[in-house]
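# A structural walkthrough
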Amino acid sequence: MKIDFSKDKDGLVPAIIQDAETKNVLMLGYMNEEALQKTKEIKKVTFYSRSKQRLWTKGEESGNFLHLVEMKVDCDNDTLLVSVHPEGPTCHNGTDTCWGEKNASEMTFLNTLEEVISDRRSNPANEKSYVASLFRSGINKIAQKVGEEAVEVVIESKDNNDDLFLNESADLLFHYLILLQAKGYKLNDVIEVLKSRHSK
């Protein structure tokens, strides 16, 4: 990766910070060669602060670090696209992005659903919760439910009742999310496998 720092009189290049998962743009900062090298070394995004006139690792005071995933340079070799895993809100105002937007993925509801399932798994004694009752029953019962719902989806796919087909599909996905957590995983782990296959 060759970066042309000479185009700016102060030897700076803009660095666009993007969440590696949601693909949302979180902020814009500037790097010189030293900031770039430190970012690579410590795996936390480090800028050159024009106001402080020094290197500044994002999160050094707040703890809201930007953990480096990868960096790319544009076609003119003078702008960086930095993919990160953010730890907490990115903006100093406490928002997810410096534009005041939520850093939400297209799968926001599924993420919320996973959080609910995780909460029920952590509180299996909740007798009012269907999900908690499944976790109490164990992996065999959960796997059985996934199998039953999969059969229902196949059956409904052969008919013309779209409402029933979609409802059974929702049931299958819901129980599959439960099974994933029972095995210690989440949907994103499956997505990563699909991504690795797609890139081959």
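One can find the structure itself at the top, above this paragraph.
What comes next concerns the included structure. Here the structure is a predicted model, which is why all the values come from computation and not from measurement.

Here the largest pocket defines a volume of roughly 820 Å³. Going through the elements one at a time, helix H2 (108-122) and helix H6 (187-198) are the ones with two or more residues in the lining of the largest pocket. The dominant element in the lining of the largest pocket, judged by the number of residues it contributes, is H2, at five residues. Looking at the lining of the largest pocket residue by residue, the class counts come to six nonpolar, nine polar and ten charged. By volume, the second largest pocket amounts to about 500 Å³. Along its surface, the second largest pocket is lined by 22 residues, and Met27, Lys52, Trp56, Lys58 and His92 are the ones closest to its centre. At the level of secondary structure, the elements contributing two or more residues to the lining of the second largest pocket comprise strand S2 (25-31) and strand S3 (46-49). It is S2 that provides the largest number of residues to the lining of the second largest pocket, a total of four residues. For the lining of the second largest pocket, the per-class residue count stands at nine nonpolar, eight polar and five charged.

Looking at the element boundaries, glycine 29 is found in strand S2. On the accessibility criterion, glycine 29 (7% relative accessible area) is buried. Put simply, glycine 29 and glutamate 101 are 72 residues apart on the chain and 17 Å apart in space, counted from C-alpha to C-alpha. Not counting the four nearest positions on each side in its chain, glycine 29 is found in contact with Val13, Pro14, Ala15 and Phe47.

Let us look at the pattern of salt bridges. In the structure shown here, the tally under the stated rule is nine salt bridges. Linking aspartate 96 and lysine 102 is a salt bridge whose minimum nitrogen-to-oxygen distance equals 3.9 Å. Its salt-bridge partner being glutamate 148, residue lysine 145 comes within 3.6 Å of it at the nearest N-O pair. On the criterion of helical spacing, the pair formed by lysine 145 and glutamate 148 is a turn pair, its members being three residues apart in helix H4 (residues 139-157). The buried category is assigned to lysine 145, whose relative accessible area is 16%. Note on glutamate 148: relative accessible area 33%, which makes it partly exposed. Overlapping salt bridges, with partners in common, bring together Lys145, Glu148 and Glu149 in one network.

All right, on to the sheet that holds strand S5 (residues 66-73) then. Judged by pairing direction, the sheet is mixed, and its four strands sit side by side in the order S2-S1-S6-S5 without closing on themselves. Across the chains shown, the open sheet's two edge strands, defined by having one partner strand only, are S2 and S5. Neighbour-to-neighbour, the strand axes of the sheet open up by a mean angle of 30°, direction not taken into account. Looking at chain direction, strand S1 (residues 13-19) and S2 are connected through six bridges and run antiparallel. Bridge pairing links valine 13 to methionine 31 in S2. Docked against the sheet, helix H1 (residues 33-42) engages S2, S5 and strand S6 (80-86), running at close to 125° with respect to S5.

Turning our eyes to something else, we now look at the pairing of S5. Looking at chain direction, S5 and S6 are connected through seven bridges and run antiparallel. For lysine 72, the partnering residue across the bridge sits in S6 and is leucine 81. Following S5, the chain reverses through six residues before pairing antiparallel with S6; asparagine 77 in that reversal takes a positive phi of roughly 60°.

Moving on, we get to the nonpolar core. Counting residues in each nonpolar core, the largest one holds 21 residues, and the members touching the most others are Ile17, Met31, Val45, Leu80 and Val82. Contributions of two or more residues to this core are made by S1, S2, H1, S3, S5 and S6. The residues contacting leucine 80, other than those within four sequence positions of it, are Met1, Ile3, Val13, Pro14, Ala15, Ile16, Met31, Leu36, Lys72 and Val73. Membership of the second largest hydrophobic core comes to 13 residues, among which are Val131, Phe135, Leu177 and Leu187.

Rules used in this analysis
- Residues numbered from 1 in each chain as written.
- Predicted model: local features only at pLDDT ≥ 70, side-chain atom pairs only at ≥ 80, totals over all residues.
- Heavy atoms only, no water.
- 1 Å grid on protein atoms, 1.4 Å probe; cavity = no way out; pocket = protein on both sides within 12 Å on 5 of 7 lines; lining within 4 Å.
- Points joined across faces, edges and corners; volume = space filled by probe spheres on them.
- Helix = DSSP H or I, 4+ residues; strand = E, 2+ residues; numbered from the N terminus.
- Nonpolar A, V, L, I, M, F, W, Y, C, P; charged D, E, K, R; others polar.
- Buried < 20%, exposed > 50% of the residue type's maximum accessible area, 1.4 Å probe, protein only.
- Contact = heavy atoms within 4.5 Å.
- Salt bridge = Lys/Arg side-chain N within 4 Å of Asp/Glu carboxyl O.
- Pairing = 2+ DSSP bridges.
- Axes fitted to C-alpha atoms, helices over the stretch in contact; angles between N-to-C directions.
- Core = buried A, V, L, I, M, F, W, Y, C linked by side-chain atoms within 4.5 Å.

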